[in-house]
Every structure is written in structure tokens, then in C-alpha cells.
Amino acid sequence: MATPPPDEILDVMLLDRPEQLKALGHPLRLRVLEMLGTNGDDSFTNRELANELGVDPGHLHFHVRMLLRAGLITLAESGHGREKPYRAVARTLRVAPELLASGLTSDLRAAMLEEVQRGWVEHGAQGTFRSAQVTARIPAEHALELIEELVESARRAEDPALTPLIITTVFHPPTTVEVD
């Protein structure tokens with residue numbers, strides 16, 4: 001997939017290459033994408049990202065370069081001096097069905113679950129972590145439509161003055177539990 005022009009951000013990007021999944025397979029890289037994706041068209045330098053995320057800029061640089069090589073972020077047009085600003089290529093990432101079926105998503109799943117777990121630990125005691133689970137007998141295509149509606153609804157309600165919230169959605173058939 002081609003990278004959009006420097007001043008344009010895609011609404012949805014279909015991830016169809018294994019290296020894109022590999023780039024998503026670390027919680028820090030997911031946090032970088034969330035930060036870049038939830039701040040509209042804003043761009044951040046490596047140092048600004050490191051400050052916001054509370055990590056060492058040298059350590060973060062490796063992760064930013066991996067996202068850049070995978071085409072998930074791009075250099076923004078604005079910039080001053082040696083500090084290069086980055087921005088997200090798309091607001092929403094969707095994994096191609098053939099990659100989901102390939103078994104290459106284990107790093108991405110682990111990173112997403114780690115992010116949810118970290119959110120539970122950091123915010124659960126404060127009562128600001130919310131979760132829900134429902135079992136529904138609907139076609140998978142309809143479940144995907146519901147997720148897309150949620151994403152659109154969240155975008156419409158977005159207020160740049162507020163602190164971002166991370167909304168993670170997953171659907172799957174029930175697992176089978178063996179009873180002894």
C-alpha cells in the first residue's frame with residue numbers, strides 16, 4: 001500500500017504485509033501509534049514522543065524507525081533542525097484476513113493484551129478502567145460492522161481537549177473448555 005502524501009492521513013489502512021504485523025508486535029510501538037493516531041494531524045519528534053511516553057529517546061528511536069520502515073508512520077512535512085517530526089499514516093489499522101489466518105499475529109496479540117493488562121493495573125483500582133463482554137449469535141460480518149460503527153462514533157465524539165482513551169475491541173467464537 002502506498003503512503004499518502006505528507007499532509008494527508010488515511011482513514012483506514014489495510015495491513016497486508018508480515019513486516020507490518022511485526023512492527024506492531026511491541027507495546028511501546030502500539031503506544032507510539034496510539035499517540036500519533038489520537039492527536040489528529042499533529043506530528044511529534046522522537047524526543048517529544050519519548051517525553052510523552054516517559055521513555056529514553058535513544059531506546060524509542062529503534063521502535064520509531066521500525067514503524068517508519070513498515071510504513072505505519074511517516075515523516076511530516078514540518079520540521080526544524082535535526083529533529084524530524086513523525087505522524088501516523090492512518091487513523092485506523094485493519095489486519096487483512098489472510099494475515100490473520102496465517103498465524104503471524106501472535107506478537108500483535110501479545111502486545112495488545114499487554115496494553116490492556118497494563119491499563120487494568122494502572123487504572124482498575126481508580127475505577128477508570130471499563131470492560132464488557134457479551135455473547136451474541138450474529139454473523140461475523142455484522143460484528144465487524146458494529147466495531148466499525150464504534151470507531152466512527154468515537155471519532156465523531158472526539159474532543160481534542162480531552163485525554164485520549166484506548167478502546168480495544170475483539171470478537172471471536174467461544175473457546176471450548178474441557179471438563180475433567
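Definitions and cut-offs
Residues numbered from 1 in each chain as written. Predicted model: local features only at pLDDT ≥ 70, side-chain atom pairs only at ≥ 80, totals over all residues. Heavy atoms only, no water. Helix = DSSP H or I, 4+ residues; strand = E, 2+ residues; numbered from the N terminus. Buried < 20%, exposed > 50% of the residue type's maximum accessible area, 1.4 Å probe, protein only. Contact = heavy atoms within 4.5 Å. Areas by Shrake-Rupley, 256 points an atom, 1.4 Å probe, with all protein chains shown as cover. Core = buried A, V, L, I, M, F, W, Y, C linked by side-chain atoms within 4.5 Å. Expected span 1.5 Å × (residues − 1). Arc of directions from axis to C-beta. Polar contact = N/O pair within 3.5 Å; in protein donor to acceptor, adjacent residues only side chain to side chain. Salt bridge = Lys/Arg side-chain N within 4 Å of Asp/Glu carboxyl O. Axes fitted to C-alpha atoms, helices over the stretch in contact; angles between N-to-C directions. Parallel < 35°, antiparallel > 145°, perpendicular 65-115°, else oblique. Nonpolar A, V, L, I, M, F, W, Y, C, P; charged D, E, K, R; others polar.

1. So, the overall build of the chain
Part 1: Each helix and strand counted, the chain has seven helices and five strands in total.
Part 2: The order of α-helices and β-strands along the chain, N terminus first, is β-α-α-β-α-α-β-β-β-α-α-α.
Part 3: Within the chain, the fraction of its 180 residues that count as buried is 29%.
Part 4: Contacts in the chain between residues far apart in sequence, at least 24 positions, make up 66% of those at least 6 positions apart.
Part 5: Per element, the accessible surface of the chain, about 12300 Å² overall, is 55% carbon and sulfur.

2. Section: the nonpolar core
Part 1: In terms of nonpolar packing, the biggest core is built from 32 residues, with Leu36, Leu49, Leu60 and Leu72 touching the most fellow members.
Part 2: Looking at this core, the elements that each hand over two or more residues are β1 (10–15), α1 (18–24), α2 (27–37), α3 (46–53), α4 (57–69), β4 (85–88), β5 (90–95) and α6 (106–123).
Part 3: The element that contributes the greatest number of residues to this core is α2, accounting for six residues.
Part 4: Apart from the residues lying within four places of it in its own chain, the contact partners of leucine 49 are Val32, Met35, Leu36, Phe44, Leu60 and Val64.

3. Structural notes on the environment of arginine 91
Part 1: Here arginine 91 lies in strand β5.
Part 2: As for arginine 91 and leucine 33, which are separated by 58 residues in sequence, their C-alpha atoms are 9.0 Å apart.

4. Describing α4
Part 1: For α4, spanning 13 residues, the distance from its first C-alpha to its last is 18 Å, which sits close to the expected 18 Å at 1.5 Å a residue.
Part 2: Along α4, the residues classified as buried are Leu60, His63, Val64, Met66 and Leu67. The buried residues of α4 occupy an angular sector of 155° when the element is viewed end-on, so they sit on one face. Among the exposed residues of α4, those oriented more than 90 degrees off its buried face are Gly58 and Arg69.
Part 3: Close packing links the buried residues of α4 with α1, α2, α3, β3 (73–75) and β4.
Part 4: Here α4 starts with a cap whose side-chain oxygen sits 3.1 Å from the backbone nitrogen of glycine 58, and that cap is aspartate 56.
Part 5: Among the residues trailing α4, glycine 71 stands out with phi positive, at a value near 80°.

5. A short note on the side chain of threonine 92
Part 1: Position of threonine 92 relative to the elements: it lies in strand β5.
Part 2: Taking relative accessible area as the criterion, threonine 92 reaches 19% and is therefore assigned buried.
Part 3: Those residues within four positions of threonine 92 in sequence are excluded, and the remaining contacts are Asp11, Val12, Met13, Val151 and Arg155.

6. Side note on the pattern of salt bridges
Opposite charge on two side chains lets them pair, provided their charged atoms get close.
Part 1: By the definition in use, this model includes three salt bridges.
Part 2: A salt bridge links arginine 17 to glutamate 19, with the nearest nitrogen and oxygen atoms 2.6 Å apart.

7. Comments concerning the packing of α2 against α3
Part 1: Put simply, α2 and α3 touch, their axes get as near as 11 Å, and they point 105° apart. On the basis of their axis angle, the class for α2 and α3 is roughly perpendicular. Judged by residue contacts, Leu28, Arg31, Val32, Met35 and Leu36 of α2 engage Leu49, Glu52 and Leu53 from α3.
Part 2: Class assignment of the residues belonging to the contact of α2 with α3 gives a composition of six nonpolar, no polar and two charged.

This is a description of form; function is not addressed.
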